[in-house]
Amino acid sequence: MNSSNLMVKIIVLVHFFLSVWGSMGNFMPSTYIYVNAGVAACGLWAVAQPESSDAVVMTLAVLVFSILEDIVLLALYEPRGYTTFERHESGSLTHEYRFALGMSIANLILKPFTAALLYRVLQARVHDSDFTIPGIDRLPGVGGGLRGGYSDIDHSPESAPYTPAAGEQPAPHDSADKE
């Protein structure tokens with residue numbers, strides 16, 4: 001499995017779950033659902049076409065827009081949710097509001113990190129190289145350190161000509177020059 005495609009799948013699933021849980025509290029407008037559904041849709045496009053850099057560019061663009069949109073929506077609608085659910089002690093709705101707010105904030109906090117990972121995926125797809133995360137060498141397929149004992153024979157260094165040790169006679173070669 002392509003490690004960059006695996007990373008896109010993980011990103012899409014994490015943001016899908018967090019945005020679904022963040023929309024449970026009924027304090028965010030439907031715009032929150034639409035923008036995060038756009039991130040999921042573009043992410044699914046990037047998963048479905050593992051060689052396409054356009055899909056990753058669109059996912060990255062929608063994700064960056066969703067960061068700004070989440071900041072605006074939380075700034076506008078969180079005070080209204082606080083007034084509605086916290087001040088009037090509506091019991092289980094208070095817990096639902098707190099959970100949804102926490103998931104919305106967690107989703108927003110993760111988005112810049114996943115945008116950086118998507119940018120790495122984009123670089124790997126554009127330059128047709130392996131997906132690596134700098135500083136992580138222990139994860140096969142993600143880090144650059146473990147390659148499973150693979151040695152690339154196409155790019156091996158040129159073999160040096162044989163030079164016999166002092167006092168050693170070179171072995172005779174069979175050649176067409178022998179008489």
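That block above? That's the structure.
Residues numbered from 1 in each chain as written. Predicted model: local features only at pLDDT ≥ 70, side-chain atom pairs only at ≥ 80, totals over all residues. Heavy atoms only, no water.

We now examine a nonpolar patch on the surface. On the surface, Leu6, Ile10, Val14, Ile105, Ile109, Leu110 and Phe113 cluster together into a nonpolar patch covering about 590 Å² of accessible area. When residues in the nonpolar patch are grouped by element, the largest group, four residues, is from helix α4 (residues 92–126). Residue position: Val14 is located in helix α1 (residues 3–22). Relative accessible area serves as the criterion here: at 33%, Val14 is assigned to the partly exposed category. (Patch = residues over 30% accessible without salt bridge, like charges linked within 9 Å, V, L, I, M, F, W, Y side chains within 5 Å. Areas by Shrake-Rupley, 256 points an atom, 1.4 Å probe, with all protein chains shown as cover. Salt bridge = Lys/Arg side-chain N within 4 Å of Asp/Glu carboxyl O. Helix = DSSP H or I, 4+ residues; strand = E, 2+ residues; numbered from the N terminus. Buried < 20%, exposed > 50% of the residue type's maximum accessible area, 1.4 Å probe, protein only.)

What follows deals with the packing of aromatic side chains. Any pair of aromatic rings gets described here by the distance separating the centres and the angle formed by the planes. Applying the stated criterion across every chain, the model contains four aromatic pairs. Relative to Trp21, the ring of Phe17 lies with its centre 6.0 Å away and its plane at 25°, an arrangement referred to as stacked. Here Phe17 pairs with Trp21, and both are found in helix α1, just four residues apart, close to one helical turn. Three or more aromatic residues joined by ring pairs make a cluster, and in this case those are Phe16, Phe17, Trp21 and Phe99. (Phe/Tyr/Trp six-rings, centres within 6.5 Å; stacked < 30°, edge-to-face > 60°.)

Here we take up the packing of helix α2 (residues 30–48) against α4. Where α2 meets α4, the closest approach of the two axes is 13 Å, and the angle between their N-to-C directions is 25°. What the angle tells us is that α2 and α4 run roughly parallel. Two packed elements cross with a definite hand, and for α2 against α4 that hand is left-handed. Residue-level contacts link Tyr32, Asn36 and Ala46 of α2 to Ser104, Asn107, Lys111 and Arg125 of α4. Residue classes in the contact of α2 with α4 are distributed as two nonpolar, three polar and two charged. (Axes fitted to C-alpha atoms, helices over the stretch in contact; angles between N-to-C directions. Parallel < 35°, antiparallel > 145°, perpendicular 65-115°, else oblique. Left-handed = near helix turned anticlockwise from the far one by under 90°. Contact = heavy atoms within 4.5 Å. Nonpolar A, V, L, I, M, F, W, Y, C, P; charged D, E, K, R; others polar.)

Tallied over the entire structure, the rule returns one salt bridge. Between Lys111 and Asp70 there is a salt bridge, with its nearest N and O atoms 2.6 Å apart. Highlighted residues: Lys111 in helix α4 and Asp70 in helix α3 (residues 53–86), separated in sequence by 41 residues. Classification of Lys111 by relative accessible area gives buried; the value is 1%. Look at Asp70 and you get buried, because its relative accessible area is 1%.

A separate point is the side chain of Glu69. Turning to its location among the elements, Glu69 is positioned in helix α3. No salt bridge is formed by the buried Glu69; the nearest opposite charge belongs to Lys111, separated by 9.8 Å. Those residues in contact with Glu69 that lie beyond four places of it in its chain are Thr31 and Val35. (Lys, Arg positive; Asp, Glu negative; His and termini not counted.)

Here the focus is the environment of Thr31. Here Thr31 shows up in helix α2. Residue class for Thr31 comes out partly exposed when judged on its relative accessible area of 32%. Sequence separation between Thr31 and Leu73 is 42 residues; the distance between their C-alpha atoms is 8.4 Å. Excluding anything up to four places from it in sequence, Thr31 contacts Glu69 and Leu73.

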